[in-house]
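Here are the chains, one letter per residue:
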Amino acid sequence: MILLRPLWLLALAALVLLALAIWRRGPDAGGWQAVLPPHMRRGMAALGQLGAGADRARYLPLAGAAALVLGLAGPAVQRAKAPVFAQSDAVVIALDMSSSVADGPGLKDAQAATAGLLAQLAGRPVGLILYAGEAYLIAAPTQDPATLETQIAVLDAETMPDEGSRPAAALAMAGQLLRGLRRADLVLISDGGGIDQAAQAEAARLQSGGVRISALTVAGNPPSDPEALRTIANGPVARFDDPYRVARSLASSGLDRDPALRSQQYYDLGPWLALLALLSLLLRFRRLA
């Protein structure tokens, strides 16, 4: 559950202050009940003008206002069949298949990291690029990322036809796939090998076009410099076995920042919650009647 309009919760502070002021003011009789004869107090209590019930009734309007505020805050749950905006919110995963990754334990780690990301990307189109000395498009962004799992599972050291490590080629290909999209993410899964001026220039070009670049690092054999990925990333960078920040940033897509599109993704429970205000007000009206 999320809140579509969380700033409305600030109004709860004003209601708390108002409730405190009512409490400090004391009972509705303004203190006169302390000097009234017992038989008058019993009569007024029987009429509902004194006693705990009457005191609690003073807070019913505040309870109704609190329900309205919570409704305006927009508690919402994701729609079971939310529309997918494939043309404006794509993710491309670029997987390093150079020999330093493919010939060592880094390949299994990279496969696990890719599969973990795919599990977190329901609702976002995902594409896949493999790269070594050159970059190869395995799948353009698809609305069913699960179809990529089989292709990832069969990767091995013999998959790539060339040697070397040129992340710049993968960045350039990702730029072609993501060109013109309002919101887009690129995730590199790599040991950091091959990060050079060409890669930095391609990364800068992508970032200027609004693409967010994140990375998951794996260990190379021989070791490379995973920290080099930070020089081309403008999004989170994390180890393959601790992908929470990267996965969270991808799950929070650009659609969440567009109120019109966001309303299509979530079912707003606010109007139903605001109806609870009527209950407290009806109880108050009944007492006054």
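Everything discussed here concerns the structure shown above.
Below you will find a few notes about this structure.

The rules we used
- Residues numbered from 1 in each chain as written.
- Predicted model: local features only at pLDDT ≥ 70, side-chain atom pairs only at ≥ 80, totals over all residues.
- Heavy atoms only, no water.
- Helix = DSSP H or I, 4+ residues; strand = E, 2+ residues; numbered from the N terminus.
- Buried < 20%, exposed > 50% of the residue type's maximum accessible area, 1.4 Å probe, protein only.
- Areas by Shrake-Rupley, 256 points an atom, 1.4 Å probe, with all protein chains shown as cover.
- Core = buried A, V, L, I, M, F, W, Y, C linked by side-chain atoms within 4.5 Å.
- Contact = heavy atoms within 4.5 Å.
- Pairing = 2+ DSSP bridges.
- Axes fitted to C-alpha atoms, helices over the stretch in contact; angles between N-to-C directions.
- Expected span 1.5 Å × (residues − 1).
- Arc of directions from axis to C-beta.
- Right-handed = clockwise from strand over helix to strand, strands pointing away.
- Parallel < 35°, antiparallel > 145°, perpendicular 65-115°, else oblique.
- Left-handed = near helix turned anticlockwise from the far one by under 90°.
- Nonpolar A, V, L, I, M, F, W, Y, C, P; charged D, E, K, R; others polar.
- Patch = residues over 30% accessible without salt bridge, like charges linked within 9 Å, V, L, I, M, F, W, Y side chains within 5 Å.
- Salt bridge = Lys/Arg side-chain N within 4 Å of Asp/Glu carboxyl O.
- Lys, Arg positive; Asp, Glu negative; His and termini not counted.
- Charge placed at Lys NZ, Arg CZ, Asp CG, Glu CD.

**A short note on the overall build of the chain**
Of the regular secondary structure elements, the chain holds 13 helices and nine strands. The buried share among the 289 residues of the chain stands at 41%. Looking at the chain as shown, the accessible area adds up to about 15,600 Å², and 60% of this sits on carbon and sulfur atoms.

**What to know about the nonpolar core**
If you look at soluble globular proteins, the nonpolar side chains tend to sit buried side by side. Counting residues in hydrophobic clusters, the biggest one holds 30 residues, and the most contacted among them are M97, L117 and I189. At the level of secondary structure, the elements contributing two or more residues to this core comprise β3 (89-96), α5 (99-102), α6 (106-120), β4 (126-131), α7 (148-153), β6 (183-190) and α10 (244-251). Among residues more than four places away in sequence, those in contact with L117 are I93, V187, I189, L216, V246, A247 and L250. Core analysis: the second largest hydrophobic core is formed by 28 residues, A169, L186, V211 and I213 among them.

**A short note on the sheet that holds strand β7 (residues 211-217)**
With mixed pairing, the six strands of this open sheet are ordered in space as β5-β4-β3-β6-β7-β8. Looking at the sheet topology across the chains shown, the edges are occupied by β5 (135-142) and β8 (237-239). Going across the sheet, the axis of each strand differs from the next one's by a mean of 15 degrees, ignoring polarity. Here β6 runs beside β7; their pairing, made up of seven bridges, is parallel. Counterpart to V187 in the pairing with β7 is S214. Most of the contacts of α10 go to β7, to which it runs at about 155 degrees, and overall it touches β3, β6, β7 and β8.

**Some thoughts on α6**
For an α-helix, the turn length of 3.6 residues means that residues three or four places apart are oriented alike. The terminal C-alpha atoms of α6 lie 21 Å apart, and with 15 residues this matches the ideal 21 Å at 1.5 Å per residue to within 8%. Those residues of α6 that sit buried are G106, L107, A110, Q111, A113, T114, L117 and L118. Seen from one end, α6 has its buried residues packed into an arc of 165 degrees, which puts them on one side. α6 presents K108 and A119 as exposed residues on the side facing more than 90 degrees away from its buried surface.

**Some words on the environment of L130**
Mapped onto the secondary structure, L130 falls in strand β4. Judged by its relative accessible area of 4%, L130 falls in the buried class. In this structure, the C-alpha to C-alpha distance between L130 and P167, residues 37 residues apart in sequence, is 9.7 Å.

**With respect to the pairing of β6**
In terms of residue burial, β6 counts as a mostly covered element, since eight of its eight residues are buried. Residues R183, D185, V187 and I189 point to one face of β6 and A184, L186, L188 and S190 to the other, with burial holding for every one of them. Pairing between β3 and β6: seven bridges, direction parallel. Among the inter-strand pairings, A94 is bridged to a residue of β6, identified as L188. With respect to chirality, the unit in which β6 leads through helix α9 (residues 197-208) into the neighbouring parallel β7 is right-handed.

**A word on the packing of helix α8 (residues 167-178) against α9**
One can describe the packing of α8 onto α9 by two numbers: an axis separation of 8 Å at closest approach and a directional angle of 20 degrees. In terms of orientation, α8 lies roughly parallel with respect to α9. For α8 against α9, the interelement crossing comes out left-handed. Touching P167, A168, L171, A172, A174 and G175 of α8 are A198, A199, E202, A203 and L206, all from α9. Class assignment for the residues of the contact of α8 with α9 results in nine nonpolar, one polar and one charged.

**Thoughts on unusual backbone geometry**
Cis geometry is adopted by the peptide bond preceding P222, which originates at N221 and carries an omega value of 5 degrees. Tracing the backbone through its elements, the reader meets P222 in the loop between β7 and β8.

**So, a negative patch on the surface**
Taken together, the side chains of D103, D156, E158 and E163 define an acidic patch exposed on the protein surface. Looking at where E163 falls in the secondary structure, it is placed in the loop between α7 and α8. Residue class for E163 comes out exposed when judged on its relative accessible area of 62%.

**Some points on the environment of M160**
When you line up the elements, M160 lands in the loop between α7 and α8. Since its relative accessible area comes to 13%, M160 is described here as buried. Between the C-alpha atoms of M160 and A102, which are 58 residues apart in sequence, the distance is 9.1 Å.

**A look at the pairing of β3**
A regular strand places its side chains on the two faces of the sheet in alternate fashion. For β3, the tally of buried residues reaches eight of eight residues, placing the bulk of the element in the interior. Every second residue of β3 is oriented toward a common face, with D89, V91, I93 and L95 on one face and A90, V92, A94 and D96 on the other, all of them buried. As paired elements, β3 and β4 share six bridges and run parallel to each other. Paired with V92 across the strands is G127, a residue of β4.

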